[in-house]
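Here's the letter readout for the chains.
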Amino acid sequence: MKIVILGNGISGVTAARFVRKMSNHEIIVISKETDYFFSRTALMYLYMGHMRLKDVQPYETAFWQKNRIQLIRGEVSTIDFHEKILHFDPKFRAQETILGATPSSVSYDKLVLALGSATNKFGWPGQDLDRVQGLYSYQDVESMEKTSQDISRAVIVGGGLIGIEMAEMFHSRHIPVTMLVRESNYWDMVLPPEESKMVGRQIVEHGIDLRLATGLKEIKGNDQGQATGVITNPGDQIDCEFVGLTAGVHPNIRWLKESGIETDRGILVDEYLQSSIKDVYASGDCAQMRTTRAGRRNIEAVWYTGRMMGEVVAHNLCGNQVAYDPGIWFNSAKFFDIEYQVYGQVPVESSEKLETIYWEGDDGEKSIRLIFEKIQKE
Amino acid sequence: MTDQVYPSMSIADPHPPFVDGMQKLSTALGLTGLLMLILAWLNQFSGDSTLVWISLLLITSGTILYAWRQYMPLPEGIKNNGVWFGRLTSRGWLAWATGLVITFFYVCLYWYPGLVGLGAEGQSNTGLVAFFDPISMAIKDKPASQWFVYGVLYTLAILIFGVKFILKYRHNQYQILRTLSVMFFQLCFAFAIPELLDRLNQPSMDFKNMWPLNYYFFFDWNLDKLLSGGNLGLFMLVWGIAMILIISPILTYFYGKRWYCSWVCGCGGLAETAGDPFRHLSDKSLKAWKIERWLIHSVLVFAVIMTIMVIYTYLTGQSQILFLNSYNIREWYGFLIGAAFSGVVGVGFYPLMGSRVWCRFGCPMAAVLGLQQRFFSRFRITTNGGQCISCGNCSTYCEMGIDVRSYAQRGQNIVRASCVGCGICAAVCPRGVLRLENGTVDIKERTTAVRNIHVPVGEVKILS
Ligand SMILES: Cc1cc2nc3c(=O)[nH]c(=O)nc-3n(C[C@H](O)[C@H](O)[C@H](O)COP(=O)(O)OP(=O)(O)OC[C@H]3O[C@@H](n4cnc5c(N)ncnc54)[C@H](O)[C@@H]3O)c2cc1C
Ligand code: SF4
Ligand code: SF4
């Protein structure tokens, strides 16, 4: 059987590895981004000089050959689900590839779509100017690198996890950063107020110009089509040579809208991660569960769910019916020097049913929160 | 305040914004001290006995001031920005130049001590060695030798770069403690005690330097020295053997080899302090791991055979054993392993191959402790694999070239012979995945493939 996996991120690669562990099927992994799998979560460290591309690749290059996983570098432009063929974009030119020429098409018996996400843009005027970009792909880091020489200030729009990483990246190169956060506290849709304020303090302590309750109205550009500044929502003007768009991501599936596969925000899948089309699975950031589990969301764009889904997909590809069961929610992040971990649901607001204990260290940089259900005494 | 940008004096910074007065001053101080050493080496400085003190003082104050300026204004936390961009830290020209200078210095020390100024038989010292005579006279009432110069510089390096290391990792108690420990053992055990014993005309010994790292412990001249050294000499002999057979196995059982490699040993001490900017240069490939296992165990076998032959010769007076001559063998060991490998390659190649080349590929002591750590010790690094984002910081900054990530992302305990328990992987991990442990909870599953983390009940305290 010929299994084709589109996307060499954590989800696609985990699927490939587990298929190999369990079977002898032919495996092809396709990506337009880089020849070899790397950790997207470590992109910031490339720019900051903590690691090189080689260091953020979890497997040595010999690994793929040894495990008989064929790699193709190229951009798939259309998929013919009826004929089971992927067509590549002939115009696509990969930079720095050692994988050889891209074929014009590839057929499959079973297909996994592990397409990842794309940066959100909310129709802001000027959002497509030069030096306006998100942070998702390796190419995004390359273009940050290229423009960095000429930046005297960067404005970052969005107060989430990628925004703070981008701020830290520029900060490491001594480029002043202004961060526009629409909410009144950093990431306060997810963090309870105490934690949210703590991270806010951390951001400011690191010399970032944090503007809370401030949105983006417009991006200004010059004759060469480059960004020169932003207008914020209260109406302030901030001059800058770079605008980072980090107001979230969405499944990277717009190019599939006409292909016949059933989609909503992501590719709709059942509990076995099978899509509306037989022999086609979706996994990772781009998959959307048809039925939402209690305490979880139907699209979860995080590393470990991508890994778990990849493993589940591999089982189903190899004929073992295994349902996706991620267990309780957990996640982690690092906000400059503050490490954050969460296990289970942590509501932002207090509620009738739940009790919370919160401890914060004297330095205001450590805290623990415990949440538990109240039990009424008789 | 909002526009404030924190300066960095890191040589690694690709866009240094500016260099402030304090940074210029400290660089100038340190370089002046270094220049004085070079001038002395070139015989431009003999005579004045205070100059050597001034030189060392300048180097010390320059380095510490520089480090202070580099780290203290910044919030506590991991400081690896720009490591892979720097000329010194990413094998740029500065790294090659530094490597070359250190290598040359070592070659002189071992084989051409005359070049650094050691006086030939009966003659007084010149050059660099003479420059250190005043210190040697003050400490032990004898003129310096090239090894005295080396000992002073080595100890100074561990002390001043130890201070730098502590400033850099000041948010991490484990790093502070173990660095204070190596500084203490270097200053007292490796330097002060042997020199003072020498002054008192007693047999001198570095009490923490064990066979087989201390490969000449069983050489005839050393045994003779100890046996003729009265009670103290006898104690040293017993101590040395007890270290090998009793103390070290017990400590390694409880704490892993780290008690020695990262808390006590002088080679490890220099690697952790002066070598810290180079830890990421170690090779992480599977191939390097393979070479490591072959090489280090070969050296161990070499050391054991050499020692058995030497003892045999000592006891029987016969130097010819089969087709081998024990004097030749031990000379070869001294040349190849003792000098070329541990000294020249071990330190000279810091800026090119990372700081633990010797500890990883060559040290027979590390090989012994490693075997014990692998098969008979409580020490392991536990991983909270679910939270691992496979970023690779742990593997990159492991000076022993262990691919920590490959274990962490599978949630597997790390039990590797080569791990020196420096704890840097756990420090740089942005997700708190790694933990160095000696506990006994599920110790039986220490080496099984996939485990969960456990917090022992005893570690949870309810305060009120
Ligand atoms: C900067 C950053 C930091 C992050 N930090 C964390 C974190 O700390 N913790 C966490 O849990 N998550 C984090 N995430 C999210 C996490 O990285 C993603 O959830 C995860 O990488 C998604 O993996 P995936 O396999 O689904 O997709 P991806 O890794 O996006 O892989 C998809 C691949 O498919 C390729 N592809 C898509 N379409 C095509 C096509 N038509 N033709 C050819 N190739 C195609 C893409 O180029 C891409 O290489 C972070 C994300 C970013 C961007
Ligand atoms: S540093 Fe931490 S998160 Fe990164 S790969 Fe290592 S264990 Fe995983
Ligand atoms: S695995 Fe961790 S503790 Fe062990 S040597 Fe490497 S960095 Fe140090």
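Residues numbered from 1 in each chain as written. Chains lettered and ligands numbered in written order. Predicted model: local features only at pLDDT ≥ 70, side-chain atom pairs only at ≥ 80, totals over all residues. Heavy atoms only, no water.

Caption draft 1: How the structure looks around the packing of helix α3 (residues 93-111) of chain B against helix α7 (residues 146-168) of chain B. All names here are of chain B. Their axes nearest at 9 Å, the elements α3 and α7 cross at an angle of 145 degrees. At the point where α3 passes α7, the crossing takes the left-handed sense. Within the contact between the two elements, α3 uses Phe105, Tyr106, Leu109 and Tyr110 and α7 uses Gln146, Trp147, Tyr150, Leu153 and Tyr154. Across the contact of α3 with α7, the residue classes tally to eight nonpolar, one polar and no charged. (Axes fitted to C-alpha atoms, helices over the stretch in contact; angles between N-to-C directions. Helix = DSSP H or I, 4+ residues; strand = E, 2+ residues; numbered from the N terminus. Left-handed = near helix turned anticlockwise from the far one by under 90°. Contact = heavy atoms within 4.5 Å. Nonpolar A, V, L, I, M, F, W, Y, C, P; charged D, E, K, R; others polar.)

Caption draft 2: Layout of the site of ligand 2. Taken together, 13 residues lie near ligand 2, and Cys388, Cys391, Gly392, Cys394 and Cys429 of chain B sit nearest. Each residue belonging to the shell around ligand 2 can be placed in one class, and the counts come to nine nonpolar, three polar and one charged. (Near = heavy atom within 4 Å.)

Caption draft 3: Geometry of the domain arrangement of chain A. Residue and element names in this part refer to chain A. For chain A, the domain assignment lists domain 1 (2-118 + 250-317), domain 2 (121-247) and domain 3 (330-373). One C-alpha centre belongs to domain 1, the other to domain 2, and the line joining them spans 29 Å. Carbon and sulfur atoms make up 60% of the surface buried where domain 1 meets domain 2, a total of about 1,500 Å² over both sides. When the buried surface of domain 1 facing domain 2 is broken down by residue, Leu43, Met44 and Tyr47 rank first, second and third, together holding 48% of it. If you look at where domain 1 meets domain 2, you find zero salt bridges. Sort the elements by how many residues they give to the side of domain 1 that touches domain 2 and helix α2 (residues 43-47) lands first, with four residues. Its residues assigned to classes, the side of domain 1 that touches domain 2 comprises seven nonpolar, four polar and five charged. (Domains from an automatic or database assignment. Buried area = accessible area lost by both parts, 1.4 Å probe. Salt bridge = Lys/Arg side-chain N within 4 Å of Asp/Glu carboxyl O.)

Caption draft 4: Layout of the pairing of strand β5 (residues 85-88) of chain A. Residues and elements named next belong to chain A. Where burial is concerned, the two faces of β5 differ: the one with Leu86 and Phe88 is buried and the one with Ile85 and His87 is not. When strand β4 (residues 76-80) meets β5, the two strands line up antiparallel, connected through four bridges. The residue bridging Val76 from the neighbouring strand is Phe88, located in β5. In sequence, β4 turns back onto β5 through a hairpin of four residues, with Lys84 there showing a positive phi of about 60 degrees. Summarising the sheet, β5 and strand β6 (residues 105-107) pair through three bridges and their orientation is antiparallel. Along β6, the bridge assignment pairs Leu86 with Val106. (Buried < 20%, exposed > 50% of the residue type's maximum accessible area, 1.4 Å probe, protein only. Pairing = 2+ DSSP bridges.)

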